[in-house]
Amino acid sequence: MQRPALEVADIFRAHGPAFRQVERGHLSLGQLKVMSAIEQCRSAALGGHMLRCSACAQPQIAYNSCRNRHCPKCQGSAAQRWLQARQADLLPVDYYHVVFTLPAPISAIAYTNKEIIYGLLFDLAAETLRTIAADPRHLGARMGLTLVLHTWGSALTHHPHVHGIVPGGGLALDADRWVPCKPGFFLPVRVLSRLFRRRFLEELQNAHRAGQLRFFGEHSALSDAAAFADWLAPMRQIEWVVYSKRPFAGPEAVLAYLSRYTHRVAISNSRLVAFDQRGVTFRWKDYRNKGRTRYKTMTLSTEEFMRRFLLHVLPSGFHRIRHYGLLANARRKNNIDTVRQLLQQPAPVPEVHADPEGPNTPNRSAPPTFVCRHCGAPMLIIETFARAHTIRAPPSLQSST
């Protein structure tokens, strides 16, 4: 794959050291690690391989990836590996795309309370879908779903929301049949929105009582219980954005969608336009407009671009892809097997690649990792070199007592 003309890594390498110096004390350890990983990704600092083409003998050097989940260059292969693992989970039913979004005031306090509020967003979106689906007035079934967290808007602003991929139906409560949704209709979004709003505000109030929320700057006064209750009151009256799209056009469309959304980062290198004395120019989509006018470019100062990018660094160990209900990891395989039996549909057959060593020998291995940029043949690793060792301070000497 040809390297983009401009990468996020180029911006961090050029201005990262000065940015760290200016923002010393304001950047978290996680943000500093992300900056370092992006700056070193696919460079000699991480080591690499010396390659030779198996067909035309052209040499090539491939540097190692940082594999950081916030790095724009490392997500393509990660998404492909994840999708291959998910192919076996697809059911022969319609799939729907649902989105749960937090109101702007809650998004504002979510930045300093990421683990709590992002966790509530995941769990309560899943709870809402499963509760309404289990209601006999709607579906009367146990459902499964996959949720993916995105924390950004197209302009890199802080905009937490979860995308859900949901099979159009569920197992009957006694697990003796599959209950499908009505054709072209999933669940009533207004009912979903009202329940999600009520449950989220309840749990947010509980988190405040338990002292789990932190407030800074203009929100410092919200530490007081009465002030927080007054602040929450208007959000009980507004409509919370929950929407459902039409079903996907078959399992292939589900996988294509997942490949674009599961491992996406705040901005891809392909959206970068220019990096000069004015700052960083990138393409963005204005969802308030329609047609061609919604596609625009924006220029931010380099410092503001890096600040917005780092807004979306997740807490260490926080999972941004989660499975619930029938698709929860503990019983996913058994549940999927049960559904397939009820639908009388066999499990999908894994893709088999032809083995070049013989026409009758199946090879289930993945395609070659390295491909020649000149002729497309597999590249052979002829030498590896380790990453550079960073200089570390010697251990402090402790006086013996």
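To keep things clear, this report deals only with the structure shown in the data block. (Residues numbered from 1 in each chain as written. Predicted model: local features only at pLDDT ≥ 70, side-chain atom pairs only at ≥ 80, totals over all residues. Heavy atoms only, no water.)

What follows concerns the packing of helix α5 (residues 114-134) against helix α6 (residues 189-209). Viewed as axis vectors pointing N to C, α5 and α6 meet at an angle of 140°, and their least axial separation amounts to 9 Å. Accordingly, the angle class assigned to the pair α5 and α6 is oblique. α5 and α6 meet at a crossing whose hand is right-handed. Every residue of α6 that contacts α5 at I116, I117, L120, L121, L124, A125, E127, T128, L129, T131 and I132 is listed here: V191, L192, L195, F196, R199, F200, E203, L204 and A207. Across the contact of α5 with α6, the residue classes tally to 15 nonpolar, two polar and three charged. (Axes fitted to C-alpha atoms, helices over the stretch in contact; angles between N-to-C directions. Helix = DSSP H or I, 4+ residues; strand = E, 2+ residues; numbered from the N terminus. Parallel < 35°, antiparallel > 145°, perpendicular 65-115°, else oblique. Left-handed = near helix turned anticlockwise from the far one by under 90°. Contact = heavy atoms within 4.5 Å. Nonpolar A, V, L, I, M, F, W, Y, C, P; charged D, E, K, R; others polar.)

Turning our eyes to something else, we now look at the sheet that holds strand β6 (residues 158-167). With antiparallel pairing, five strands are arranged side by side in an open sheet as β9-β3-β6-β5-β13. Looking at the sheet topology across the chains shown, the edges are occupied by β9 (242-244) and β13 (321-325). The mean inter-strand angle of the sheet, taken between neighbouring strand axes irrespective of direction, is 20°. Here three bridges tie strand β3 (residues 95-101) to β9, and the two strands are oriented antiparallel to one another. By the bridge assignment for β9, F100 is matched with V242. Of the strands in this sheet, β3 and β9 are in contact with α6, which crosses β9 at around 150°. (Pairing = 2+ DSSP bridges.)

Attention now moves to the pattern of salt bridges. Taken as a whole, this structure holds 16 salt bridges when the rule is applied. Across the salt bridge formed by E202 and R199, the nearest N and O atoms sit 2.9 Å from each other. Of this pair, E202 and R199 are both found in helix α6, three residues apart, which corresponds to roughly one turn of the helix. Residue classification places R199 among the buried positions, given a relative accessible area of 14%. The closest approach of N and O atoms between E203 and R199, which form a salt bridge, is 3.1 Å. (Salt bridge = Lys/Arg side-chain N within 4 Å of Asp/Glu carboxyl O. Buried < 20%, exposed > 50% of the residue type's maximum accessible area, 1.4 Å probe, protein only.)

For the coordinates displayed, the defined rule picks out 11 aromatic pairs. Between Y96 and F186, the aromatic rings sit 5.3 Å apart at their centres with planes inclined by 25°, giving stacked as the arrangement. Highlighted residues: Y96 in strand β3 and F186 in the loop between β8 (178-180) and α6, separated in sequence by 90 residues. Here the two residues Y96 and F186 agree in accessibility, since each one is buried. Taken together, the aromatic side chains of F100, F196, F200 and W240 make up a single cluster linked through ring pairs. Stacked on the ring of F318, the Lys or Arg R322 has its end atom at 4.5 Å from the ring centre. (Phe/Tyr/Trp six-rings, centres within 6.5 Å; stacked < 30°, edge-to-face > 60°. Lys NZ or Arg CZ within 6 Å of the ring centre and 35° of its normal.)

Our focus in this paragraph is the side chain of E7. The residue E7 is located in the segment before α1 (8-22) in this model. Judged by its relative accessible area of 2%, E7 is buried. Discounting residues that sit within four places of it in the chain, E7 has contacts with K73, N269 and L272.

To continue, consider the nonpolar core. Core analysis: the biggest nonpolar cluster contains 50 residues, and F100, I106, L129, F186, F196, F200 and L204 have the highest contact counts within it. Looking at this core, the elements that each hand over two or more residues are β3, α4 (104-110), α5, β5 (144-152), β6, α6 and α7 (225-232). Sort the elements by how many residues they give to this core and α5 lands first, with 11 residues. Beyond its immediate sequence surroundings of up to four residues, F186 is in contact with Y96, V98, L129, M143, V166, P167, C181 and S244. (Core = buried A, V, L, I, M, F, W, Y, C linked by side-chain atoms within 4.5 Å.)

Positive phi values are uncommon outside glycine, yet A57 reaches one of about 65°. Tracing the backbone through its elements, the reader meets A57 in the loop between β1 (48-53) and β2 (59-63). The phi angle at A175 is positive, at roughly 60°, despite the residue not being glycine. Here A175 is to be found in the loop between β7 (169-172) and β8. A residue is classified by how much of its surface remains accessible, and A175, at 32% relative accessible area, is partly exposed.

A few words on helix α9 (residues 302-310). Taken together, the buried positions of α9 are T302, F305, M306, R308, F309 and L310. Tucked inside the fold, the buried residues of α9 contact α1, α2 (29-40), α5, β10 (272-276), β11 (279-285) and β12 (295-300).

Pairing in this open sheet of three strands is antiparallel, and the strands run β10-β11-β12 from one edge to the other. Because the sheet does not close on itself, it has two edges, and the strands there are β10 and β12. Along the sheet, successive strands turn relative to each other by an average axial angle of 20°, direction set aside. As paired elements, β11 and β12 share six bridges and run antiparallel to each other. By the bridge assignment, T281 is partnered in β12 with T299. Contacts from α9 reach β10, β11 and β12 within the one sheet, and its direction differs from that of β12 by about 110°.

Here we come to the pairing of β6. Taken across its 10 residues, β6 has nine buried, putting it largely inside the fold. Sheet topology note: the β3/β6 ladder contains seven bridges and is antiparallel. Paired with Y96 across the two strands is V166, which belongs to β6. Pairing of β5 with β6, which is carried by six bridges, proceeds in the antiparallel orientation. Considered in β6, the bridge of W152 is made with H158. Counted along the chain from β5 to the antiparallel partner β6, the turn is five residues long, and its residue L156 has a positive phi close to 70°.

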